[in-house]
Amino acid sequence: EPMGENAIVIASHSSKAQLEPVQQYFAQFGIATEIYKPAGSSRFLLVTQNRYDNIEKPGTEGNEMKKKIMAIGANSGLQSFGPKPFQDIYGMKIKSSSE
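This one's a predicted model, so the numbers in the text were calculated from it and none came from an experiment. (Residues numbered from 1 in each chain as written. Predicted model: local features only at pLDDT ≥ 70, side-chain atom pairs only at ≥ 80, totals over all residues. Heavy atoms only, no water.)

Caption draft 1: Structural context of the overall build of the chain. What the chain contains, in helices and strands, is two helices and four strands. Along the chain, from the amino end to the carboxyl end, the secondary structure elements read β-α-β-β-α-β. In the chain, which comprises 99 residues, the proportion classed as buried is 38%. (Helix = DSSP H or I, 4+ residues; strand = E, 2+ residues; numbered from the N terminus. Buried < 20%, exposed > 50% of the residue type's maximum accessible area, 1.4 Å probe, protein only.)

Caption draft 2: Main features of the nonpolar core. Of all hydrophobic cores here, the largest spans 18 residues; its most connected members are Ile8, Phe26, Ile69 and Phe86. Elements represented by at least two residues in this core include exactly β1 (6-13), α1 (16-27), β3 (44-48) and α2 (61-74). Top element by residues in this core is α1. It accounts for four residues. Ignoring anything within four residues of it in the chain, the contact list for Ile69 reads Ile8, Ile10, Phe26, Ile31, Thr48 and Ile89. Core analysis: the second largest hydrophobic core is formed by five residues, Ala7, Leu45, Val47 and Ile94 among them. (Core = buried A, V, L, I, M, F, W, Y, C linked by side-chain atoms within 4.5 Å. Contact = heavy atoms within 4.5 Å.)

Caption draft 3: Quick look at the pattern of salt bridges. Taken as a whole and judged by the stated rule, the model has four salt bridges. Note that Glu34 is salt-bridged to Arg51, the shortest N-O span being 3.4 Å. Of this pair, Glu34 sits in strand β2 (residues 33-36) while Arg51 sits in the loop between β3 and α2, placing them 17 residues apart in sequence. Here Glu34 falls in the partly exposed class, since its relative accessible area comes to 25%. Close ionic contact of Lys66 with Glu56 constitutes a salt bridge, the shortest N to O distance being 3.0 Å. Pair noted here: Lys66 is in helix α2 and Glu56 is in the loop between β3 and α2, with a separation of ten residues, a long-range link. Overall, Glu56 belongs to the partly exposed group, its relative accessible area being 48%. (Salt bridge = Lys/Arg side-chain N within 4 Å of Asp/Glu carboxyl O.)

Caption draft 4: Examining the side chain of Asn6 more closely. Along the chain, Asn6 turns up in strand β1. According to the relative accessible area criterion, Asn6 is buried, its value standing at 17%. Polar contacts involving the side chain of Asn6 include one to the main-chain carbonyl oxygen of Asp53, which spans 3.0 Å. Only 3.5 Å separates the side chain of Asn6 from the backbone nitrogen of Lys93, close enough to count as a polar contact. Ignoring anything within four residues of it in the chain, the contact list for Asn6 reads Asn50, Arg51, Tyr52, Asp53, Met92 and Lys93. (Polar contact = N/O pair within 3.5 Å; in protein donor to acceptor, adjacent residues only side chain to side chain.)

Here it is as structure tokens:
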């Protein structure tokens, strides 16, 4: 089954180190993530390793994963990501890195 081109952006931060505990938190629930820094950006993004065709369309694999991440994130207790952590996640087209 071909993967889509959209990763789910879970969090962003100016410090890679601040995203590492978040990465570990989601890994406990079987959600594989990677820390990605877009070219020309000063921020690091925590994104899903899996790519999806569409995360907004109800019933799609991407939408189901988005809902799962929001539910898990809401109970994370990771205060540095706002009063409602991980509720503003979104899809982002990411080219495969050759690094």
